[in-house]
Amino acid sequence: MNIAEIEMGLKAIAEQGFDKNEFPFQFIGCFDTPKATTTKLKGKMNKAKGENELLWAKKLYFKPSPQGAAAQTVDAMNEEGLVNTHAPRFLLSTDGEEFTAYDRNKDDHFHGTFSKLNDSFDFFLGLANIERYEAVEETIADIRAAGRLAKLYDAILANNSDWYNDEHAHTLNLFMTRLLFCLFAEDTGIFEQDLFSKSLNDYTDIEGRDVGPFLEQIFEIMDTPPNERGDIPAHINRFPFVNGGLFKDHVKIPKFGKLPRRILIEAGRLNWREINPDIFGSMIQAVVEPEMRGDLGMHYTSVPNIMKVLHPLFLLDLEKQFSDSQDSPNKLEKLHQRLSKIRVFDPACGSGNFLIIAYRELRKLEMRIYKRLQELTGELGWKWSEVKLTNFYGIEYADFASETAKLSLWIAEYQMNKQFADIFGDAPPALPLKESGNIKHGNALRVNWEEVCPPAKDDIETYIVGNPPYLGSTFQSKEQKEDLELLFKPLTKSYKNLDYVAGWYLKAVYYNQKRRYGAAFVATNSICQGEQVNMLWQHVYARQFEISFAHQSFKWKNNASKNAGVTCVIVGICPKNAIIGDKILFTAGVAKKVKNIGPYLLEMSDVIVGKEGSSLTGLPKMSWGNKATDNGNLILSPDERASILEKSPEAVEFIKRYYGSQEFIKGIERYCIWIADNKVEEAKSIPELNKRIQAVHDFRAASKAPQTRDYAVHSHRFRQIQGYGVDAVFVPRISSEKRPYMPVGFMSEDDIINDQAYAIYGAEPFVFALISSKLHYVWVKTVCGQMETRIRYSNTMGYNTFPIPFLSDDDKKILEELAWEIIEAREEHPGKTIADLYDPKKMPENLLKAHKKLDMVLETMYVGEPFKNDTVRLEHLFKMYAKMTKKKAG
DNA sequence: TATCCGACATTCT
DNA sequence: AGAATGTCGGATA
């Protein structure tokens, strides 16, 4: 049951009106309550005393109210002894016009009118074991700091045009990191207040020419212990000794000028105490790495997204243990011991933001433990913190990231010590810096993870987290392809279409095979869609791992000025039987406890639907449209067509109407040049066509793909011709997921269908009806791939696997009739495009009716009655699929 | 032959 | 400028 279905159920109750006797049962029926429970609640399980009341322990207490007294009734209910005994979460009362509800867990009221009962759906989600989930937001300070740094970086580069190269990138990154440390140190008490920006202001000239030498001096002095400093000016000597290697290398300093100096001094005025080290670390990283130059922070993971990984993976469980330990110093000590040993390992750590956030969360919890212990025992029985930076491990491909990550971890440590001092009155000294996290520079898919984060003796909790790079097979470099080959080739033949990120999942499975702990990554949603589901998840399941929690598709977002265009998921995996707590499935703002999370990230079993070369149920062959690969030269807009025909009217025999997804859905008019092999010479005699044929040749000859190059010699025709010259059922390859049905159509024998669509050439119309059904729609939406979250139709995965019952000739006749009814319903709206007709908000009544009639009739053919909702549809289809494939295998 | 994908691409509002 | 929604050709089988 999903949220939309809950909302629809409540709407139905509201429309039907208040029925004193049935209402409470109708109401709980909307929240996925099993039938057996409802039956029991009609008997002894109902703990309420009065007539027409319902009291379901831990869940719901309902009473009808006198006219206009819903709120008072709920208040009175809350005072009853029954509420204490049976602890219902929700109290609800209505007079049929108004209703009041109260959530005892959240101390939250809802007042509404009965006719709009459905507006309250998310208030009651707890009844369906779904919890509202609130993400952590980012602070303004981070955004400002990142902006200033980018500005400073640009100004410095503008002043040092010879620094735009790899050799200087490293130097500049180190330089920026040092400046950052200074800006931070002077705001946080590591230095004297404002020491850095004041010195810069007072001891360098306004033109900025001597900023470089000045910085060189202070960097050197910060690497020199007090006893080795000798005779130096007092204003330089005020800078303290900073250990930890940050200022160890003496490298070239860029030229400054008036503008960069001013930007740097202005940057000093920001309050750097407030910033999150994860954000600016990533910013510098992205700005400085040459291969990421166009990237500008596109790929750093926002704090809310990091929390989406860390929270369900282990923070939630720690939190639970903490609340269970509230009154016992012993239990608190135990929790403290557990927490101080936890290791966090990010094998794609970048500048370390996952590690930083994890460190901070552990420190925060530790302080709460100390606080509670202090309250219980009245003593301060500890020395500083037991959470050590050395428990944080990382691997990063980019050369300099490890330094940035280490710096950021120091800053995080400093910030937490500061908080510690605010609460407990004292903190350890900030300088000199101590050892930081274990960050290794290397290729995470080749490095032995056990060498970076060694297996711990007594099986210490080690959690693997991160946001590894995503790259589909088309975009992987040779090295990256080899990375995947080394990992997957020993297991399988079919891995080459896997996304690069899949490598991290497999490595995490190997690393944790003998351990009891989980891993979770942010990944592209492709790994849980279409063909990759089979390629990746079968290997995970085969090694006795399962999905322990997941976030369904969400659009990538962070504070960078330009965001990466990708839709992500977060998938947590864990060895079977080692999963702590509940499996939780997160969907846009809500969290739901579930029995199992399938590889499509739905509440279902671990079924994988593989590709099929032909229909499992004997449906007619569905093939592809025709693929041009022509750089646009064989395709004509109406204007281009007109201008050709004006000059050479005889070209008309070589021009056909051309249909892909868009042309069909939006009614766009396009044409293509279509020349039979025996008419090539004739066509070439038309100059306009000849020019285009030549252009196709040149384009194909220059292609990287051998198949395309081979077709350069046949430049008068499409690279792949799959079928034409017969009437066909037409299915767009990509279409919006917001429409209530797949938009399907018929094409005539004169039309050319392109590779943005599938075609069943010469098919019987009952197939049109099958594809137009809700059943097919939910199947395709689930098992096919997607373009982000669009529907990406597939013959091998969606059509050939689609389970249907035996259909008699009479059944097919009936379906054919219904297909024509849909076509006729569309034709009653001339001038409207398919997009208009299938607009979820504006779908015409008659068309909707025709579709619903088809669904009703077809579903009756499946199970004798229509299905209740999409969840039931899907369950049934998967059941049929399992049976079908078993039969085939056996 | 055949087909799946896009740390996207382009259009719409 | 954010929301809506599908191109096109390389890579792979």
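Quantities reported herein were computed from a predicted structural model and do not represent experimental measurements. (Residues numbered from 1 in each chain as written. Chains lettered and ligands numbered in written order. Predicted model: local features only at pLDDT ≥ 70, side-chain atom pairs only at ≥ 80, totals over all residues. Heavy atoms only, no water.)

Draft legend 1. Spatial organisation of the UniProt feature "domain: MmeI-like target recognition" (unreviewed entry) in chain A. UniProt's feature table lists "domain: MmeI-like target recognition" (unreviewed entry) at residues 605-805, given in the numbering used throughout. Secondary structure within residues 605-805 divides into 32% helix and 17% strand; the distance between the first and last C-alpha atoms comes to 22 Å. (UniProt positions renumbered as here; feature names shortened; annotations may be inferred. Helix = DSSP H or I, 4+ residues; strand = E, 2+ residues; numbered from the N terminus.)

Draft legend 2. Representation of the sheet that holds strand β22 (residues 745-747) in the model. With antiparallel pairing, the 4 strands of this open sheet are ordered in space as β16-β24-β20-β22. At either margin of the open sheet sits one strand with a lone partner, and together these are β16 (623-624) and β22. As paired elements, strand β20 (residues 728-732) and β22 share 3 bridges and run antiparallel to each other. When the sheet's bridge partners are listed, Ala-728 is paired in β22 with Met-747. (Pairing = 2+ DSSP bridges.)

Draft legend 3. Layout of the confidence of the model for chain A. Looking at chain A as a whole, the pLDDT averages 91, with 94% of positions reaching at least 70. Segment residues 134-138: pLDDT under 50, and 9 contacts once partners within four positions in sequence are set aside and those in other chains are kept. (pLDDT = per-residue confidence, 0-100. Contact = heavy atoms within 4.5 Å.)

Draft legend 4. Looking closely at the pattern of salt bridges. Following the criterion strictly, the structure yields 35 salt bridges and no others. Residues Glu-485 and Lys-489 are paired through a salt bridge, measuring 3.8 Å at the closest nitrogen-oxygen approach. Since its relative accessible area comes to 32%, Glu-485 is described here as partly exposed. Overlapping salt bridges bring together Lys-555, Glu-737, Glu-788 and Arg-790 as one network. (Salt bridge = Lys/Arg side-chain N within 4 Å of Asp/Glu carboxyl O. Buried < 20%, exposed > 50% of the residue type's maximum accessible area, 1.4 Å probe, protein only.)

Draft legend 5. Up close: the protein's contact with DNA strand C. In the vicinity of DNA strand C lie 29 residues, with Lys-481, Lys-627, Ser-736, Gln-756 and Arg-790 positioned nearest. In DNA strand C, the atoms that sit within 4 Å of the protein are 61% sugar and phosphate, with bases accounting for the remainder. At a separation of 2.5 Å, a phosphate oxygen of DNA strand C approaches a polar backbone atom of Ser-736. In terms of residue count, the dominant contributor to the surface near DNA strand C is helix α22 (residues 661-666) (4 residues). Considering only residue class, the surface near DNA strand C consists of 5 nonpolar, 12 polar and 12 charged. (Near = heavy atom within 4 Å. Polar contact = N/O pair within 3.5 Å; in protein donor to acceptor, adjacent residues only side chain to side chain. Nonpolar A, V, L, I, M, F, W, Y, C, P; charged D, E, K, R; others polar.)

Draft legend 6. Just the protein's contact with DNA strand B, in detail. As a structural note, the neighbourhood of DNA strand B is formed by 35 residues, with Ser-526, Gly-565, Gln-707, Gln-720 and Thr-796 the closest of them. Each atom of DNA strand B within 4 Å of the protein was classed as base or backbone; sugar and phosphate made up 49%. In this structure, Tyr-758 approaches DNA strand B through a side-chain N or O atom, which is 3.1 Å from a phosphate oxygen. Thr-796 is positioned such that a nitrogen or oxygen atom in its side chain is 2.4 Å from a phosphate oxygen of DNA strand B. At the level of elements, α20 (530-542), β25 (786-787) and α28 (795-799) are the ones that each hand at least two residues to the surface near DNA strand B.

Draft legend 7. Spatial organisation of a negative patch on the surface. A cluster of like negative charges, contributed by Glu-817, Glu-824, Glu-827 and Glu-828, occupies part of the molecular surface. With respect to the helices and strands, Glu-828 occurs in the loop between α29 (809-827) and α30 (834-837). Among the residues examined, Glu-828 registers a relative accessible area of 56% and is labelled exposed. (Patch = residues over 30% accessible without salt bridge, like charges linked within 9 Å, V, L, I, M, F, W, Y side chains within 5 Å. Areas by Shrake-Rupley, 256 points an atom, 1.4 Å probe, with all protein chains shown as cover. Lys, Arg positive; Asp, Glu negative; His and termini not counted. Charge placed at Lys NZ, Arg CZ, Asp CG, Glu CD.)

Draft legend 8. Expanded view of the packing of aromatic side chains. Tallied over the entire structure, the rule returns 43 aromatic pairs. Between the aromatic rings of Phe-99 and Phe-110, the centroid separation amounts to 5.9 Å while the plane-to-plane angle is 10 degrees, which identifies the pairing as stacked. Here Phe-110 lies in strand β5 (residues 108-113) and Phe-99 lies in strand β4 (residues 98-103), a separation of 11 residues in the sequence. Here a set of aromatic residues connected by ring pairs shows up, and it is made of Phe-18, Phe-23, Phe-27, Phe-31, Phe-62, Phe-90, Phe-99, Phe-110, Phe-114, Phe-123 and Phe-124. Over the ring of Phe-25 we find Lys-42, and its NZ or CZ is 5.0 Å from the ring centre. The ring of Tyr-741 carries the charged tip of Lys-774 above its face, separated from the ring centre by 4.6 Å. (Phe/Tyr/Trp six-rings, centres within 6.5 Å; stacked < 30°, edge-to-face > 60°. Lys NZ or Arg CZ within 6 Å of the ring centre and 35° of its normal.)

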